[in-house]
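Close look at the chain arrangement
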Amino acid sequence: MPREKIEIPGQIDHLSILDKDGNLDKDLEPALPDDLLLKLYRTMVLGREFDARQLSLQRQGRIGTFPPITGQEAAHLGPAAVLRDSDWLVPSFRETVAELWRGRTIESILLANNGYNEGAEMKPGMNMMPISVPVGSQVIHAVGIAWAMKYRGTDDLAMVFFGDGATSEGDFHEGINMAGVYDAPVIFVCQNNHWAISIPRSKQTRSKTIAQKAIAYGIAGIQVDGNDILATYAAAREAAERARSGGGPTLIECVTYRLRMHTTADDPKRYRTDEEVQGWEKQDPLLRYQKYLKAKGLLSDEEIVSISDAIKADIADAVKRAEERMKEIGDPGDAMSMFNHAYAEMHPYLKEQKDRLAAELKETAKEGDNG
Amino acid sequence: MGKMNMVEAINLALKQEMEKDGDVIVLGEDVGVDGGVFRVTEGLLDAYGEERVIDTPLAESMIAGASVGMAIHGLKPVCEIQFSGFSYISFHQMEAHAARYRARTQGRFGIQMVLRCPYGGGVRALEHHSESREAYYAHTPGLKTVIPSGPRKARALLVSAIRDPDPVIFYEPKAAYRAFREEVPEDEETFPIGESEIVREGKDITFITYGAMLQRTLDAADTLQEEDGVEAEVIDLLTVSPMDDQKFTESVRKTGHVVIVHEAHRSFGPGAEMAARLVEKSFLYLEAPIRRVTGYDVVIPLYQREKDYIPDVKRILHGARETLEF
């Protein structure tokens, strides 16, 4: 028998619990407590409102370039919400709602988005990496973290986020392959938002789904409706149980859509149509979830307005605090601080450079006074 | 402990640190069952098991990146890239993350990891197996780049590198792996990263070198003594970055003449940095132009011609005599 078929294990499920109009599939509904359902809702609204506020701050020149998340709230909040405090979240850069859920403050995000290194300060005990700008490079870090967790005999897990573009990067493949070989407790979450700046999903891979790449690496994979927070939560909960019980990693593809630009420096009109965007606006994860909560009797029209107003007020306070902090730090800040964290201990030649800059700043300030 | 070659000495450092500290993990290609292609990690798998001595898939970026993740969680990974010529695939992880995490997180996460790899020519190897490109790493703030020259220093420096809170590139001169033996004490020994050493004292000319070039530079110094009556001072740099300029700038104030010897390409190489520091700090004491005896700005030739690329005693002597006669 020189040529015969090899059985390849694996089929990819697509999971959807709330349909595009917010109708519930009762059989699949995850039984979540009311307070958790409402906390998820508030955090999604916070993400949406904060995005809008940041966009206006950016247009006014009060912060710099940032990557909006509107439309992707469910795709990254659902998975992050299954994590325990001792688990680790490894973000790329479009998971703002997940970061807020894990305890990062609005002020810290504003500082980072306005070019202050202080914005990436991570509070001790907050098990989260700062955002990672080089696409896909953070995927491997989660595998290392997961190795450490397993080595230490815990049942913790690491969850890493990336986009559809990242699945073309070598680091995605190297990381997922290593995790598969050694059953590392990692959940790989792809926010497939269809666009890597101007490159459509169809030009990243010929594969029908991103989730099916799991089959090649011998790990579990699932595609979910990324605009359905019940589905993203349920899929991640299943993956977490698998990881914690020694069943190894899972690749979750959350099919979603970036409703705004890649970053504020991008003009999406150059590469996609308004019709396409409008089609996805109708599948808004927030509206779907509102409908579900209303049907459950957990949310009224009045509460939708009052929650939104309260969140806007919180954001306004946070913006105020952030801008006060920016003033405190100074503009462009204490230049000397750039030397502080190059190494654990400053080496002599760096100290010389620091001292020279200090002397030069003093001199030029004097010259400025004279002039 | 007796006399050891560099392979055995590095192996001793790994064993003793793994014995002492359960957070030290070794990972890389062929480091487990095979004991490493140069046998540097021999015996570690048997002693410490698969959870601490990891035979990884063939993926250099992953090896470095997983080490970053391990370090974030408090482990102390010592990863091996089989040859420095393949380390450029992992360079991205070292540059983009390992080197930056401390600054990025304002001090919360330092990446305590060591990336070991054999480098340099002289062992009749294939293409990509003979380069000396430590400057790539030395040019990256946040990394430290260490290059031992012999067994005893290799052991002491690796112990220090494993304990260093910052990421250390540990370049091992493979030409020196089994070239000679030295007494290596059984008891723990460390050597400070960021410090050079005067290995031969002299008053007439200063040689600055490191790695596999140290032995031939010492040979050249002996010849100068015998044939020319010249007393040469030889400084073993040991850490390329951050560079200890104190010893060599002081030495040159005494000798006025300096020859820098390294295998790395000349332009933008470590010697260029040494020359700059000398001009900054000892300019008025220089009695002759700074001389560099180094590899050339070409791809290192295959091994039939590599001896013409790599500095040898003759070239070092020639450089020294020209400098002295200036």
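Scroll up to find the structure this text is about.
Heads up: these notes are all about the structure in this document. Small disclaimer: the values here were computed from a predicted structure and weren't measured.

**Some words on the interface of chain B and chain A**
Each partner contributes to the interface: chain B provides 49 residues, whereas chain A provides 42 residues. For the pair chain B and chain A, the two sides together bury roughly 3600 Å², of which 62% comes from carbon and sulfur. Three residues stand out in chain B for area buried against chain A, namely His73(B), Gln106(B) and Arg108(B), and they jointly supply 20% of the buried area on that side. Seen at the junction of chain B and chain A, the total is 2 salt bridges. Between Asp23(B) and Arg152(A) there is a salt bridge, with the nearest N and O atoms lying 3.2 Å from each other. Joining chain B to chain A, the criterion identifies 22 residue pairs in polar contact (both at pLDDT 80 or more). Put simply, the parts of the chain that give the side of chain B that touches chain A at least two residues each are strand E3 (53-55), helix H3 (60-72), helix H4 (88-98), helix H5 (101-104) and helix H10 (270-282) of chain B. The greatest single-element share of the side of chain B that touches chain A, amounting to 9 residues, is contributed by H3(B). In the side of chain B that touches chain A, the residues fall into 18 nonpolar, 15 polar and 16 charged.

**Some words on the environment of Gln54(A)**
Looking at the secondary structure, you find Gln54(A) in helix H1 (residues 34-59). Looking at Gln54(A), the relative accessible area reads 2%, which means it is buried.

**As for the sheet that holds E3(B)**
Strand pairing in a sheet is mediated by backbone hydrogen bonds. Such pairs are either parallel or antiparallel. All names here are of chain B. Overall, mixed pairing links the 7 strands, which are arranged E3-E2-E4-E5-E7-E6-E12 in an open sheet. Each of the sheet's edge strands pairs with one partner strand only, and the pair in question is E3 and strand E12 (239-241). On average, each strand axis in the sheet is tilted by 20° relative to the strand beside it, whichever way the strands run. Judged from the 2 bridges that link them, strand E6 (residues 144-146) and E12 form a sheet pairing that is antiparallel.

Definitions and cut-offs
Residues numbered from 1 in each chain as written. Chains lettered and ligands numbered in written order. Predicted model: local features only at pLDDT ≥ 70, side-chain atom pairs only at ≥ 80, totals over all residues. Heavy atoms only, no water. Contact = heavy atoms within 4.5 Å. Buried area = accessible area lost by both parts, 1.4 Å probe. Salt bridge = Lys/Arg side-chain N within 4 Å of Asp/Glu carboxyl O. Polar contact = N/O pair within 3.5 Å; in protein donor to acceptor, adjacent residues only side chain to side chain. Helix = DSSP H or I, 4+ residues; strand = E, 2+ residues; numbered from the N terminus. Nonpolar A, V, L, I, M, F, W, Y, C, P; charged D, E, K, R; others polar. Buried < 20%, exposed > 50% of the residue type's maximum accessible area, 1.4 Å probe, protein only. Pairing = 2+ DSSP bridges. Axes fitted to C-alpha atoms, helices over the stretch in contact; angles between N-to-C directions.

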